[in-house]
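Spelled out from the first residue to the last, the chains are:
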Amino acid sequence: MGFLDIDNVTKSYGAVEVLHRVDISVEEGEFLVLVGPSGCGKSTLLNMIAGLEGITSGEIKIRDRVVNGVHPSKRNIAMVFQSYALYPNMTVGQNITFGLEMHGTPKPERERKMKEVAELLQIENLLARKPGQLSGGQRQRVAMGRALVRNPDVFLFDEPLSNLDAKLRVDMRTEIKKLHQKLGTTIVYVTHDQIEAMTLSTRIAVMYDGYVQQLGTPKEIYDSPANLFVATFMGSPAMNVLPARLVEQNGALHAVITDHAGHDLALRIENAPAAYASYKDMPVHLGIRPEAITDPEGADRNARNVQALPNMVTVTEPAGSDTFVTMTVSGKDCIARMRADADVHPGHVFDFAVNMDKAVLFDPKTEDRIA
Amino acid sequence: MAAASTENAVRSSNAARVFVYLFLLLFALFYLLPFLIMLLNSLKPLEEITGGGMIALPRQWTIEPWLSAWSTAQIGVQPTGLRPYFMNSIMMAVPAVVMSTVVGALNGYVLTKWRFRGDTLIFGLLLFSCFIPFQIVLIPMARILGILQIAGTTPGLILVHFVYGIGFTTLYFRNYYAAFPTELVRAAQIDGAGFFQIFWRIMLPSSGPIIAVSFIWQFTNIWNDFLFGASFASGDAAPMTVALNNLVNSSTGVREYNVHFAGAIMAAAPTLLVYIVAGRYFVRGLMAGSVKG
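Being a predicted model, the structure only gives us computed values, none of them experimental. (Residues numbered from 1 in each chain as written. Chains lettered and ligands numbered in written order. Predicted model: local features only at pLDDT ≥ 70, side-chain atom pairs only at ≥ 80, totals over all residues.)

1. Notes on the overall build of chain A
- Each helix and strand counted, chain A has 8 helices and 20 strands in total.
- The buried share of chain A, reckoned over its 371 residues, is 41%.
- Long-range contacts, defined as pairs at least 24 residues apart, comprise 65% of the intrachain contacts of chain A with a sequence gap of at least 6. (Helix = DSSP H or I, 4+ residues; strand = E, 2+ residues; numbered from the N terminus. Buried ≥ 20, exposed ≤ 12 C-beta atoms within 10 Å, placed from the backbone. Contact = placed C-beta atoms within 7 Å.)

2. A word on the pairing of strand β17 (residues 322-329) of chain A
Residues and elements named next belong to chain A.
- As judged from the 5 bridges shared by strand β16 (residues 306-318) and β17, these two strands associate in the antiparallel manner. In the strand pairing of β17, P318 is matched with T323.
- Hairpin connection of β16 to β17: 3 residues between the antiparallel strands, including G320 at a positive phi of 90 degrees.
- As paired elements, β17 and strand β18 (residues 332-339) share 8 bridges and run antiparallel to each other. Considered in β18, the bridge of M327 is made with C334. (Pairing = 2+ DSSP bridges.)

3. Concerning the domain arrangement of chain B
Residues and elements named next belong to chain B.
- Here chain B is described as being made up of domain 1 (13-64) and domain 2 (83-288).
- For domain 1 versus domain 2, the distance between C-alpha centres works out to 33 Å.
- Top element by residues in the side of domain 1 that touches domain 2 is helix α2 (residues 14-41). It accounts for 3 residues.
- Split into classes, the residues belonging to the side of domain 1 that touches domain 2 amount to 5 nonpolar, 2 polar and 1 charged. (Domains from an automatic or database assignment. Nonpolar A, V, L, I, M, F, W, Y, C, P; charged D, E, K, R; others polar.)

4. Side note on the packing of helix α3 (residues 107-121) of chain A against helix α4 (residues 136-148) of chain A
All names here are of chain A.
- It is at 10 Å that the axes of α3 and α4 come closest, and there the two elements cross at 140 degrees. Viewed along their axes, α3 and α4 adopt a mutual orientation that is oblique. The crossing of α3 and α4 is right-handed. Note on element contacts: α4 touches α3 through R141, M144, G145 and L148, opposite V117, A118, L120 and L121.
- For the contact of α3 with α4, the class distribution of residues is 6 nonpolar, 1 polar and 1 charged. (Axes fitted to C-alpha atoms, helices over the stretch in contact; angles between N-to-C directions. Parallel < 35°, antiparallel > 145°, perpendicular 65-115°, else oblique. Left-handed = near helix turned anticlockwise from the far one by under 90°.)

5. Things to note about the sheet that holds strand β9 (residues 203-208) of chain A
Residue and element names in this part refer to chain A.
- With respect to topology, 6 strands assemble into an open sheet ordered β6-β7-β8-β3-β9-β10, the strand pairing being mixed. Because the sheet does not close on itself, it has two edges, and the strands there are β6 (77-80) and β10 (211-216). Neighbour to neighbour, the strand axes of the sheet diverge by 15 degrees on average, direction disregarded.
- Note that strand β3 (residues 31-35) and strand β8 (residues 186-191) share 5 bridges and pair parallel. Residue pairing for β8: F31 is matched across the bridge by I187.

6. Comments concerning the environment of V103 of chain B
Residues and elements named next belong to chain B.
- If you trace the backbone, V103 turns up in helix α5 (residues 83-113).
- V103 sits in the partly exposed class, given 17 other C-beta atoms within 10 Å.
- Sequence separation between V103 and I166 is 63 residues, and the spatial gap between their C-alpha atoms is 6.8 Å.

7. Observations concerning the domain arrangement of chain A
Residue and element names in this part refer to chain A.
- The domain boundaries assigned to chain A delineate domain 1 (4-233) and domain 2 (240-362).
- For domain 1 and domain 2, the distance between their C-alpha centroids amounts to 39 Å.
- Facing the 6 residues of domain 1 at the interface are 5 residues of domain 2.
- A class-by-class count of the residues in the side of domain 1 that touches domain 2 yields 3 nonpolar, 3 polar and no charged.

8. Considering the interface of chain B and chain A
- Counting residues at the interface gives 14 residues for chain B, matched by 17 residues for chain A.
- For the side of chain B that touches chain A, the elements supplying multiple residues, two or more each, are α9 (182-191) and α10 (195-203) of chain B.
- In terms of residue class, the side of chain B that touches chain A is built from 7 nonpolar, 4 polar and 3 charged.

9. Some details on helix α13 (residues 240-249) of chain B
- Among the 10 residues in α13 of chain B, 7 count as buried, and that is most of the element.
- Those residues of α13 of chain B that sit buried are M240, T241, V242, A243, L244, N246 and L247 of chain B.

10. Re the nonpolar core
- Counting 166 residues, the largest nonpolar core has L34, M79, L156 and V188 of chain A together with L82 of chain B as the members making the most contacts within it.
- For this core, the leading source of residues is helix α8 (residues 154-178) of chain B, giving 11 residues. (Core = buried A, V, L, I, M, F, W, Y, C linked by C-beta atoms within 7 Å.)

11. Some thoughts on the sheet that holds strand β1 (residues 4-13) of chain A
All names here are of chain A.
- Spatial ordering of the open sheet is given by β2-β1-β4-β5, a layout of 4 strands whose pairing is antiparallel. Looking along the sheet, the strands with just one partner apiece sit at the ends: β2 (16-26) and β5 (65-66).
- As defined by bridge partners, strand β4 (residues 57-62) adjoins β5 across 2 bridges and the pair is classed as antiparallel. Note on β5: the bridge partner recorded for I62 is R65.
- Its contacts with the sheet place helix α1 (residues 42-50) against β1, β2 and β4, and it is angled at close to 65 degrees to β2.

12. Details of unusual backbone geometry
- A cis amide bond links S236 of chain A with the next residue in sequence, P237 of chain A, at an omega value of -5 degrees.
- Tracing the chain through its elements places P237 of chain A in the loop between α8 (228-233) and β11 (240-249).
- Backbone geometry at E367 of chain A places phi at a positive 65 degrees, although glycine is not the residue there.
- Following the sequence through the fold, E367 of chain A ends up in the segment after β20 (360-362).
- Assessed through the 15 C-beta atoms surrounding it within 10 Å, E367 of chain A is described here as partly exposed.
- Phi at Q149 of chain B is positive, roughly 60 degrees, even though this residue is not glycine.
- Its location among the elements puts Q149 of chain B in the loop between α7 (134-147) and α8.
- Taking the C-beta count within 10 Å as the criterion, Q149 of chain B has 10 such neighbours and is therefore assigned exposed.

Structure (structure tokens):
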């Protein structure tokens, strides 16, 4: 029993089921991020928690109270919208207290709460302005103030940062995280940005095609993705997925790939999970994150199994902090994340170091991770 | 407005500009001339008109025709002037405009923010009333007014104009609210506002331009209507348009053209005033739905 329980919830429009049996239990104080590409059902799920969309089957419980069919205003939730949805005809102060007014809170208390929230978000000097006179970041704060002032059980955020420019987005991300740490509120946050999901959440639900593909901590999602979708969706640049064959040599399992010239190259796998045995001599997908492929000096010192991969460099992309290096492995582009000053040149063969501790294998048919 | 028009305008030479102004001036004169004639003739004694000086300036300025048209001229059989009928028109137009605007706003709100099964069909049916020629409904409407026992009265006319205004006002408000962000309504719902609170506190305060459009359109149409007025409210309840007709067409005595001119200007004045005061909102409101600022 969690604080917010989503039990076997489905959503259909006519005969089309857009959400299939979603089961998520959120503890008090958790920061759950629903992440996925557009059309995956994440916003629909959020709207169902808010009560803005009906639930086709299953139950949603907030504090052990079933809220199916309960009006949005009676669920003790607050929501921050993508467009902020500030009432254009009201001042910032009126925007913040509108919900309290609708709930019949007396005026002195409204004023007091408004002051508290304005102080918390540092928007005291904006209270008399209209939303049209505010910048994007200020509107964002006001929208959060409107949510905070009601002291709800659950905060719902619907892509709140996607209308901001890149720099402000990073700043506000930090602000939201600070706010969560300070207030310890329960938050459900929808985004399509996997970096937001990784940085903000205590747990992530990766959604695709109406299914929750994986529910777990950011580390679980990143290091042990449940399937190819999660593996490639989370992380930037995306995880390299390379066609390989699993063979046994000298009593150890090896993933065999081909280099730029088409020569076989075997990468030894240590501490292989038992499930790998049944894929012996079969094709698999080898998943390696770009940061697990480096120059030999840049390899992780704690890594126990670093394998050499001599290969020709096709493109280098210096990004300031890192240099991204593209090569061809098993006929596919493979990206390595190197130190900024790594000595790599296009057209030359370079000795890459692959941290096989971080490698994962996927079944090519089911696309699930082999474990 | 001025800033916008210069921004969009193509740069032109001074000679071209002079030509443009002359051209526009000519057309303005062309359109204003009949009104000028009306005005001049309403300010001169009858003898000057009958003496052939119709387009001359008055030799003797007088406001006698205006006073006569307003309070003593023969309308039908009564020498009451146009005043009571002017009041009739006000009593008819104001409630009908307000009611049809309010109902149109509510319809637009429901049709865009509280969608239900078959809402587009209902909207389509409402639009029919914009395209049905009024002559078709005269007889059924007369029957209904008879049943309600308000035939030949101002309340009867209010009902008729109210009902026939809903189509247009709904069209205006629906299109305006279609561009109104639904997230605002959802935010208000979460804040605990009900159906009418959202309408009153969120939607209406943002509807200024379209209210102006609806108001101008409805007022002009209702004030200028002759057909319904002549059909459903003859006699003491007749609106201004019908009374003006009765003034001009009275078959007894001398035809006082100067009084007729004064009466005609009086009948046209309110719509003219509404356009002058609120005209720019009309253009702004019509643009609001289609062009995003």
